[in-house]
Amino acid sequence: MEVVPIGGYEEVGRNMTWVRDGDDSIIIDMGIRLDRVLIHEDTDISKLSQEELVRRGIIPDDTVIKEKVKAIILSHGHLDHLGAVTLLASKYNAPVVGTPYTLELVKRELRHTRPKKKLDLQVLNEGESLYVSENMEVEFIRVTHSIPQSSLVAVHTDNGTLVYANDFKLDDHPVIGAKPNYKRLKKLGRSGVKGLIVETTRINNEGRTPSESIAKRLIEDSLTKTDNRKGLVVTTFSSHISRIKSITRMASVINRTPVLLGRSMEKYVSIAEELGIIELPDDAHLYGDRKAIKKILGRIVNDGKEKYLLVVTGHQGEPDALLSKIAGKKLPYRVNKGDQVIFSADVIPNPINVANRYAMETKLKMQGARLFKGNHVSGHAAKEDHRDLIKLLQPEMIIPCHGDLRMLASYAELAEDEGYALNRDLFLVRNGQIVRL
Ligand SMILES: [Zn+2]
């Protein structure tokens, strides 16, 4: 069996891995790198050629894949794992496999981008397996993360089992869905795991990542203490449906009407509603369309801001997102002295986000807003969660991914603690290099 890293092994983003076993091969994930989209103002990626997108480091360079693949497997719905599907998948003529939530997101992307060939989308639920060829079986193992229906992917072949853990956290008290399927992971560990490909985004956080139920408590605490005479805006990840559930549930407790706004907010939340993953309160509003957003914001201002709980995009200060526009006085909703802005997201630490967030926060403060930060827990495993996964699976070999070299090296230190040795059964690889298991 061979693992060929295509993208995500030198960076955070554009995840893509090619797994080969004899004549059978599959691709796992097809992501984009968003910070590379943002550095060029007004980049419309649908107008750039594939070569240009690769050159800019936005999508993975998949030119090494010359043979037919049996399937394209999507581990979960984040853009750094599926954002390149509409650009790259059609040339492979292979089914695109994912959980229902993930595939609905692909369908939405397809509304805007027309690939050369129609994609064959195949649902695989958590806990289910699928033979992509006679000798290759793909299994989705339930795991927790910050978007619904995320899975660890196990690839079973005659030459052993490979586990792909990119992304995950080990949350025993999730707000939506069940905890990770430890029983299955243990069983796999006992029967023998040949290799583990594992994310490293939070490897430098000591200890374990707190449960999402802790974030729920933070939100409850923050919202019950808010001033009910003033405006209230919460911003969070629009794909973080658990978090949105915790926020919107509080609306009736504090006697406010929840209003969810933003193009991506509308996308992720409406799909979750359609699939029964979240049930919004009856009085909730959800708008993604620019005109509709302007209209409802006008209504809110006339009616009294204190009656509403706004949930908006823009937690990273992205110039096009709702909160930046509010801060920039580009919308009918203005921030006045004493209005409250709650951040339920940390800054994803790249210089662009840091600068954008700084600019937005300064504007909000100058208009008299009270800012409440830190109502957040990560969706990624921390160091001791990673150690737990190694102990559960006891893989023969480990390949860390989804990070720059420093993050991969931090993981390597942990793995060496656990008895692995660099270049013996632990490999730090660059995009395009091949690892034989
Ligand atoms: Zn993710």
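Figured I'd write up the structure that's included with this text. Computed from a predicted structure; not experimentally measured.

## As for the sheet that holds strand 5 (residues 96–98)
Alright, step 1. What the seven strands build is an open sheet, ordered 6-5-4-3-2-1-19; its pairing is mixed. Every other strand in the sheet has two partners, leaving strand 6 (121–123) and strand 19 (435–436) as the edge strands with one partner each.
Alright, step 2. As judged from the three bridges shared by strand 5 and strand 6, these two strands associate in the parallel manner. Bridge pairing in strand 6 links V97 to Q122.
Alright, step 3. Its contacts with the sheet put helix 5 (residues 100–112) on strand 5 and strand 6, and the angle it makes with strand 6 is roughly 160°.

## Describing the coordination of the zinc ion
Alright, step 1. Here the zinc ion is held by H76 (NE2), H78 (ND1), H145 (NE2) and D167 (OD), and the distances to it run 2.2 Å.
Alright, step 2. Expressed as a motif, the donor residue spacing for the zinc ion is H-x1-H-x66-H-x21-D. Here D167 lies in the loop between strand 10 (160–165) and helix 6 (182–191) and H76 lies in the loop between strand 4 (71–73) and helix 3 (79–82), a separation of 91 residues in the sequence.
Alright, step 3. Residue H76 is classed as buried on the basis of its relative accessible area of 0%.

## A closer look at the side chain of E139
Alright, step 1. Within the element layout of this structure, E139 appears in strand 8 (residues 136–142).
Alright, step 2. Reaching out from E139, the side chain makes a polar contact with the side chain of H156 at a distance of 2.7 Å.
Alright, step 3. Apart from residues lying up to four places away in sequence, E139 is in contact with E128, S129, L152, V153, A154, H156 and R184.

## Focus: the pattern of salt bridges
Alright, step 1. This model, assessed by the stated rule, comprises 33 salt bridges.
Alright, step 2. E104 is the partner of K107 in a salt bridge, and the nearest nitrogen-oxygen pair spans 2.9 Å. Within this pair, K107 and its partner E104 are both found in helix 5, separated by three residues, close to a single helical turn.
Alright, step 3. Judged by its relative accessible area of 42%, K107 is partly exposed.
Alright, step 4. K383 is the salt-bridge partner of E206, the closest N and O atoms lying 3.5 Å from each other.

## Side note on the side chain of E361
Alright, step 1. Mapping E361 onto the fold places it in helix 12 (residues 351–366).
Alright, step 2. Within the local environment of E361, its side chain forms a polar contact with the side chain of R357, the two groups lying 2.6 Å apart.
Alright, step 3. Once residues within four sequence positions are removed from consideration, E361 is found in contact with F343, L371 and K373.

## Looking at the packing of aromatic side chains
Alright, step 1. Here the structure, examined in full by the defined rule, presents zero aromatic pairs.
Alright, step 2. Its guanidinium or amino end placed over the ring of F343, R357 lies 4.1 Å from that ring's centre, counting from NZ or CZ.

## Topic: the sheet that holds strand 11 (residues 195–199)
Alright, step 1. As summarised here, the arrangement of the six strands in space is 7-8-9-10-11-18, forming an open sheet in which the pairing is mixed. Of all strands in the sheet, those with a lone pairing partner are strand 7 (129–133) and strand 18 (397–401), marking the two edges. Across the sheet, the mean angle separating the axes of adjacent strands is 20° when strand polarity is ignored.
Alright, step 2. Relative to strand 8, strand 7 runs antiparallel, the two sharing four bridges. Bridging from a neighbouring strand, L130 pairs with V138 of strand 8.
Alright, step 3. Here helix 14 (residues 405–417) sits on the sheet and contacts strand 11 and strand 18; the angle it forms with strand 18, its principal contact strand, is near 155°.

## Quick notes on the nonpolar core
Alright, step 1. Membership of the largest hydrophobic core comes to 54 residues, with the highest contact counts inside it found for I27, M30, Y92, Y101 and L223.
Alright, step 2. Among all residues touching M30, those that are not within four sequence positions of it are N15, M16, I72, L74, H81, L82, G83, A84, V85, L88, A89 and Y92.
Alright, step 3. Counting 27 residues, the second largest nonpolar core, distinct from the first, contains V143, L152, L185 and V193.

## Let's talk about the environment of H240
Alright, step 1. As for its position among the elements, H240 is in the loop between strand 12 (232–236) and helix 8 (241–253).
Alright, step 2. As a C-alpha pair, H240 and P148 span 92 residues in sequence and 7.7 Å in three-dimensional space.
Alright, step 3. Residues contacting H240, with those up to four places away along its chain left out, are S146 and E212.

Rules of the game
- Residues numbered from 1 in each chain as written.
- Predicted model: local features only at pLDDT ≥ 70, side-chain atom pairs only at ≥ 80, totals over all residues.
- Heavy atoms only, no water.
- Pairing = 2+ DSSP bridges.
- Helix = DSSP H or I, 4+ residues; strand = E, 2+ residues; numbered from the N terminus.
- Contact = heavy atoms within 4.5 Å.
- Axes fitted to C-alpha atoms, helices over the stretch in contact; angles between N-to-C directions.
- Donors = N, O, S within 2.8 Å, 3.2 Å for Na, K, Ca; no water.
- Buried < 20%, exposed > 50% of the residue type's maximum accessible area, 1.4 Å probe, protein only.
- Polar contact = N/O pair within 3.5 Å; in protein donor to acceptor, adjacent residues only side chain to side chain.
- Salt bridge = Lys/Arg side-chain N within 4 Å of Asp/Glu carboxyl O.
- Phe/Tyr/Trp six-rings, centres within 6.5 Å; stacked < 30°, edge-to-face > 60°.
- Lys NZ or Arg CZ within 6 Å of the ring centre and 35° of its normal.
- Core = buried A, V, L, I, M, F, W, Y, C linked by side-chain atoms within 4.5 Å.

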